[in-house]
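Coordinate analysis (summary)
Take a look at the letters that make up each chain.
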Amino acid sequence: MKQFEFPEISRILTPILARHGGDASRLLQVLLEVQDVCHFIPSEAIDLIAAHFGVPRVNVEGVVGFYSFLSTRPVGEYRLLFSGNITDQMLGKDELMQYLCNKLWVEPGKVSEDGLVSIGSTSCTGMCDQGPAALINGWPLTKLDHNRLDLIAELIRSRKPVADWPAMLFEVVDNIHRGDVLLGQPFEPGAAIRATLARGAKETLVEVDKSNLRGRGGAGFKTASKWSLCHAAIAEEDGGVICDVGGHPERFIVCNADEGEPGTFKDRVLLNSYADLVFEGMTVGARVVGASKGFLYLRGEYRYLLQQLEAVLKRRREAGLLGETILGQADFSFDIEIHLGAGAYICGEESALIESLEGKRGRPRNRPPFPVTSGYKGRPTVVDNVETFACAAKIAEKGAAWFAAIGTAQSTGTKLISVSGDVARPGIYEYPFGVTVSQILDDCGAEGRPYAVQVSGPSGTTISWKEFDRKIAFEDLPTAGALMVFRRKRDLFQVAQNFADFFAHESCGFCTPCRVGTELQKKIMSKIASGYGTASDLEELKRLGHILKTMSHCGLGSSAANPVLDILEKFPDMVESKLKAFAFKPAFDLDGALATARTITGRDDDWAHL
Amino acid sequence: MSKTITIDELAVPFKEGQTIMDAALAAGVYIPHLCHNPEFKPHGSCKLCTVNVNGRNVASCTLPAVEGQQVLSDIEELNADRLALTQMLFVEGNHLCPACEKTGNCQLQAVAYYLGMMSPHYNHFYPQREADASHHDVMLDRNRCIYCELCVRASREVDGKNVFGLSGRGIKTLLVVNSASGLLGDTDLAVTDKAVQVCPTGAILIKRHGYAVPIGQRVFDHITIKDVQTGGGDE
Ligand SMILES: Cc1cc2nc3c(=O)[nH]c(=O)nc-3n(C[C@H](O)[C@H](O)[C@H](O)COP(=O)(O)O)c2cc1C
Ligand code: SF4
Ligand code: SF4
Ligand code: FES
Ligand code: FES
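Here the structure is a predicted model, which is why all the values come from computation and not from measurement. (Residues numbered from 1 in each chain as written. Chains lettered and ligands numbered in written order. Predicted model: local features only at pLDDT ≥ 70, side-chain atom pairs only at ≥ 80, totals over all residues. Heavy atoms only, no water.)

Quick look at the domain arrangement of chain A now. Residues and elements named next belong to chain A. Per the domain assignment, the segments of chain A are domain 1 (9-66), domain 2 (78-170), domain 3 (178-404), domain 4 (414-490) and domain 5 (493-576). Distance between the C-alpha centres of domain 2 and domain 4: 29 Å. With six residues of domain 2 at the interface, the matching set in domain 4 holds ten residues. Buried surface at the junction of domain 2 and domain 4, summed over both partners, amounts to about 530 Å²; 75% is from carbon and sulfur atoms. On the domain 2 side of the contact with domain 4, Thr87, Met90 and Asp129 bury the most area, a combined 73% of that side's loss. Along the contact surface separating domain 2 from domain 4 lie zero salt bridges. Seen at the junction of domain 2 and domain 4, the total is zero residue pairs in polar contact (both at pLDDT 80 or more). Partitioning the side of domain 2 that touches domain 4 into residue classes produces three nonpolar, two polar and one charged. (Domains from an automatic or database assignment. Contact = heavy atoms within 4.5 Å. Buried area = accessible area lost by both parts, 1.4 Å probe. Salt bridge = Lys/Arg side-chain N within 4 Å of Asp/Glu carboxyl O. Polar contact = N/O pair within 3.5 Å; in protein donor to acceptor, adjacent residues only side chain to side chain. Nonpolar A, V, L, I, M, F, W, Y, C, P; charged D, E, K, R; others polar.)

Glancing now at the domain arrangement of chain B. All names here are of chain B. Domain annotation of chain B identifies domain 1 (3-74) and domain 2 (101-222). Just the C-alpha atoms count here: the centres of domain 1 and domain 2 sit 26 Å apart. Counting residues at the interface gives 13 residues for domain 1, matched by 17 residues for domain 2. Together, the buried faces of domain 1 and domain 2 total about 1,200 Å²; carbon and sulfur atoms form 62% of this surface. Counting the surface domain 1 buries against domain 2, the share from its top three residues, Leu34, Phe40 and His43, is 50%. One can count one salt bridge joining domain 1 with domain 2. The salt bridge involving Glu39 is made with Lys194; its shortest N-O contact spans 2.7 Å. Along the contact surface separating domain 1 from domain 2 lie four residue pairs in polar contact (both at pLDDT 80 or more). Residue classes in the side of domain 1 that touches domain 2 are distributed as seven nonpolar, four polar and two charged.

Turning our attention to the site of ligand 3. Taken together, Cys145, Ile146, Tyr147, Cys148, Glu149, Cys151, Leu175, Cys199, Pro200, Ala203 and Ile204 of chain B make up all the residues around ligand 3. Of the residues in the shell around ligand 3, the class split is ten nonpolar, no polar and one charged. (Near = heavy atom within 4 Å.)

Further remarks concern the sheet that holds strand 7 (residues 138-141) of chain B. Residue and element names in this part refer to chain B. If you trace the three strands from one edge of the open sheet to the other, you get 6-7-10, paired in antiparallel fashion. In the strand order of this sheet, the two ends are held by strand 6 (131-132) and strand 10 (204-206), each with one partner. Inspection of the sheet shows strand 6 paired to strand 7 by two bridges, in the antiparallel sense. Opposite Ala131, over in strand 7, you have Asp141 as the bridge partner. (Pairing = 2+ DSSP bridges. Helix = DSSP H or I, 4+ residues; strand = E, 2+ residues; numbered from the N terminus.)

This brings us to the site of ligand 2. Residue and element names in this part refer to chain A. Around ligand 2, a shell composed of 14 residues is seen, among which Cys508, Phe510, Cys511, Cys514 and Cys554 lie nearest. Counting residues per element, the ones that place at least two in the shell around ligand 2 are helix 19 (512-529) and helix 21 (555-559). Residue composition of the shell around ligand 2, by class: eight nonpolar, five polar and one charged.

Turning to the environment of Ser25 of chain A, a few remarks are in order. Residues and elements named next belong to chain A. Relative to the assigned elements, Ser25 resides in the loop between helix 1 (6-20) and helix 2 (27-38). Between the alpha carbons of Ser25 and Ala195 there is a distance of 34 Å; along the sequence they are 170 residues apart. If sequence neighbours within four positions are ignored, Ser25 has contacts with His339, Leu357, Glu358, Gly359, Tyr376 and Lys377.

Residues and elements named next belong to chain A. Locating Arg598 in the fold gives a position in helix 24 (residues 590-601). Arg598 sits in the buried class, given a relative accessible area of 12%. Ignoring any residue separated from it by four or fewer positions in sequence, one finds Arg598 in contact with Asp591, Arg603, Asp604, Ala608 and His609. (Buried < 20%, exposed > 50% of the residue type's maximum accessible area, 1.4 Å probe, protein only.)

Structure follows, in structure tokens:
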């Protein structure tokens, strides 16, 4: 194991720190690079980084401890993290991980003795349509099987740098099976900005308002309301000067590309093949609210997209679509900076995301104030989902009436659905809102008889086959875009348990109900899974569900019981079949404890079985 | 004309900028709380102070009071939920009250009494947490930490030092101190610091002061936390 001495660590750090400058908001970006080079964040590095940014050491340590992809102890030179979503699990993830561990002589979650390799699990990496998936030193591996793992084991043993591994291991495909107005129609970069400038900022806000566009990130807040609140926040400070377009230095546009909800991968596809549309939507938003600076918060799992996204930004700057005097408009400058996440689902929550952008632990803020009035660095900030910005660009280009004619009255436009699980054609499907679940199941070739569908990921809703005629729409089944399909005979209890583990792993730990409640929920689910559950445990789960829902600080905690409560309500047989008959049974396994004593004493008589 | 909110049918006046908790405490209305201390900016992590405002649950220590709010606080459902949260705080740490120097002065213990906690209800987690006796005058026992961040806030805002902070995430959250060794003795903490005075539990204790006040004569041995924190009890 490499131990870094002070001179060497400062030699490594100096160029990194110089490149990022002195603003403490770059802290997380610096730590990601150090982790990359050193395979951990050495204590000396924490001191140097703290001194560089002028923040207390304890804050830097707190940031390192918060994010899954950072560590204060060395991980393997090759760090392989298997995606732990239920879809990966159904494709054999557990067995594959054990297979690779055996081949490389390493225990899951540990580092090999020579420090060469560590293998573990991570939350959904957003490759559910081409799993089982994993990350090797942050780079996505897809479609894993025994052959590929044999090859990977060989590459690791021969210490081949990851950059030189065969490209086919890293192949990520879009899998678009149905395109509509976003994915199926061409878009000319600059068209939406031109239309916005021609129409005027105020009038564009009116268009977005009339289009009835609602946020695609889950909550479904009306986009125009958010934009005008953000605009009004400054106008108020400025003494009522409305619509002073021209790039106010103190308003921010943030694109939420954290896409951490397991089973969701549509933003991955938008950013891979439709980045212009997304950046254009951000630029339109900037013109409307009067922002001159934007951020794309890209989840760490998607950092393989970073280089090509930077290239798109560069091309847009060269084309006059970004930077100073956009399209020759003297009072319009706007630029976009990309920030990487580091393995924390909570950073998709908008106020936690802003904390993370500021280089801090991703802890949701107290509200009010909301980000639209006090966001990034305390300034008015709009946070919108990737797909929302793509829609906004289309609306700016083609107008409100065109957009509002698609979908339903309350849910206008289209929705990208990420389909995975027991289907013949997993991938991306774009539908007008109002499409039924059964239509989607037909189109994607749901296998056998689909039995249950998880809509909008673990924090969404589990629906049974009886509900397949329900519609994807804010007024019926709202969704951030995930649709995971489970055929008959799938163990739905295992599904709910996987989700309970996910929430416990991702709780930020700030508030009591979620920090302790998600862990209690995980423990009870595990007790039931190992055959020690009783009816009283089900009552306990419902009680915990109530506390999580009603007492939590943010949406993570308040939705963490959804999958458990849904399965208890809709598939009680799936749970009850796992229970012991007793009304109560302690988690403590008396028989198991006595087994050791029996072995030692060599007794197996009746009195040795209490 | 002063503005008012209603807490459990009682009209409570408030000034602009006050939270529901501020208004309640000023009026002598007790809402159970652990991470809140009127001397510091509201934090909102323990959630014991959750009340129902116009049908929605919110943390009363962080929500600004607004004219006409109908607040429910001292009701059966909320007290049962607060009790559950308190039990959660007990089982996630290692709280051996009879062996703790803070017993009788501990707010966690006092809130538990107030809410009628008879057992921890949940299975204990028995986490491995480290105690730190490296400082000359101050003892840090993480087994009793409830992550209220009062020490963090006091050190930063009053002492100007940043001795404490949180690291980790979720149930693996942990209290860390500002030194490369990770030891309290290597920080610039002084026994006179505000950070040493604010811990609601027995996680931060001053050395060589143990049992200066005998058990049985401590703050909460005679007066409930409700009366202590609202200045009531002696009428
Ligand atoms: C735990 C949690 C995770 C979230 N993750 C995401 C995410 O990955 N992407 C996203 O766009 N919104 C996410 N959200 C919703 C955001 O807080 C926010 O509502 C959204 O970005 C607003 O954008 P929109 O109005 O365009 O939907 C999450 C919310 C919570 C509570
Ligand atoms: S609900 Fe959970 S994730 Fe949200 S603040 Fe509380 S502990 Fe953190
Ligand atoms: S040590 Fe005490 S004051 Fe500090 S966070 Fe823990 S419980 Fe709160
Ligand atoms: S006192 Fe309000 S959340 Fe702790
Ligand atoms: S008496 Fe229980 S923590 Fe101190």
